[in-house]
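Residue-level structural notes
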Amino acid sequence: MRSNSFRYDINGLRAYAVILVVLFHFGIIGFAAGFIGVDIFFVISGFLMTSIVLRSLEKGNFSLLNFYLSRGIRIIPALFVVSVVVLILGWFFLLPTDYKSLAKHTFSSINFFSNIVYWRESGYFDTDSHNKALLHTWSLSVEWQFYLVFPIIVTLIYKIKKS
């Protein structure tokens, strides 16, 4: 069943973003700025979240709890599976000190503050970062932090503007 609200243009932008990120990570010449793909994802996410919140506010049925639950249902299961698989593989292939670091990174990823942990440890492009199996979760952490704060700001602005 097709939804009338499906945005093919946004889906196309997602495809370009994925291509940019993948080509960057494979070291393809000419794609050194693959992080632009992540920026595109952030813009798409901001646009879609703003649309969802405003549409619900206009209908009078916006629930912050339901908003958080819907975001969590989309993100948390996949993140959890990836984290568990990486921990299991790490148990067999990593030294105890490296596994301890992986456990810390897994905890920070699942709790959506890995961006802060990785930022404090080293830069994204530093050689040290190449050995961090869950480094890619920094963007999920940024996105979740956005989800926590942004709907509250939009709701406040909407209510102030409406009164």
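This brings us to the overall build of the chain. Within the chain, the regular secondary structure consists of 6 helices and 0 strands. Going from the N terminus to the C terminus, the chain shows its helices and strands as α-α-α-α-α-α. Counting only contacts in the chain whose residues sit at least 6 apart along the sequence, the fraction spanning at least 24 positions is 59%. As displayed, the chain has an accessible area near 11300 Å², and 69% of this comes from carbon and sulfur atoms. Each charge sign in the chain was given a centre, from 14 positive and 8 negative side chains, and these centres are 14 Å apart.

Geometrically, a packed helix pair is captured by the angle between its two axes and the distance between the axes. The interhelical angle for the contact between helix α3 (residues 64–93) and helix α6 (residues 138–162), taken along N-to-C directions, is 175 degrees, at an axis separation of 10 Å. Here α6 runs roughly antiparallel to α3, going by the angle between their axes. Residue-level contacts link Leu64, Phe67, Tyr68, Arg71, Gly72, Ile75 and Leu79 of α3 to Leu140, Trp144, Tyr147, Leu148, Pro151 and Ile152 of α6. Its residues assigned to classes, the contact of α3 with α6 shows 11 nonpolar, 1 polar and 1 charged.

The subject of this paragraph is the packing of helix α4 (residues 96–110) against helix α5 (residues 114–121). With their axes 7 Å apart at the nearest point, α4 and α5 run at an angle of 140 degrees to one another. When the interaxial angle is binned, α4 and α5 end up oblique. In this structure, α4 contributes Lys104, His105, Ser108 and Ser109 to the contact, and α5 contributes Ser114, Val117, Tyr118 and Glu121. By residue class, the composition of the contact of α4 with α5 is 2 nonpolar, 4 polar and 2 charged.

In this structure, the largest pocket spans a volume of roughly 1400 Å³. Around the largest pocket, the lining comprises 46 residues; the ones closest to its centre are Arg14, Phe41, Ser45, Leu140 and Glu143. If you list the elements that add at least two residues to the lining of the largest pocket, you get α1 (8–25), α2 (35–59), α3, α5 and α6. It is α2 that provides the largest number of residues to the lining of the largest pocket, a total of 13 residues. Of the voids in this model, the second largest pocket is the one considered here, and its volume is about 210 Å³. Residue lining of the second largest pocket: Val86, Gly90, Leu94, Asp98, Ser101, Leu102, His105, Asp128, Asn131, Lys132 and Ala133, and that is the complete set. At the level of elements, α3 and α4 are the ones that each hand at least two residues to the lining of the second largest pocket. For the lining of the second largest pocket, the element with the most residues is α4, which contributes 4 residues.

Cut-offs used in this document
- Residues numbered from 1 in each chain as written.
- Predicted model: local features only at pLDDT ≥ 70, side-chain atom pairs only at ≥ 80, totals over all residues.
- Heavy atoms only, no water.
- Helix = DSSP H or I, 4+ residues; strand = E, 2+ residues; numbered from the N terminus.
- Contact = heavy atoms within 4.5 Å.
- Areas by Shrake-Rupley, 256 points an atom, 1.4 Å probe, with all protein chains shown as cover.
- Lys, Arg positive; Asp, Glu negative; His and termini not counted.
- Charge placed at Lys NZ, Arg CZ, Asp CG, Glu CD.
- Axes fitted to C-alpha atoms, helices over the stretch in contact; angles between N-to-C directions.
- Parallel < 35°, antiparallel > 145°, perpendicular 65-115°, else oblique.
- Nonpolar A, V, L, I, M, F, W, Y, C, P; charged D, E, K, R; others polar.
- 1 Å grid on protein atoms, 1.4 Å probe; cavity = no way out; pocket = protein on both sides within 12 Å on 5 of 7 lines; lining within 4 Å.
- Points joined across faces, edges and corners; volume = space filled by probe spheres on them.

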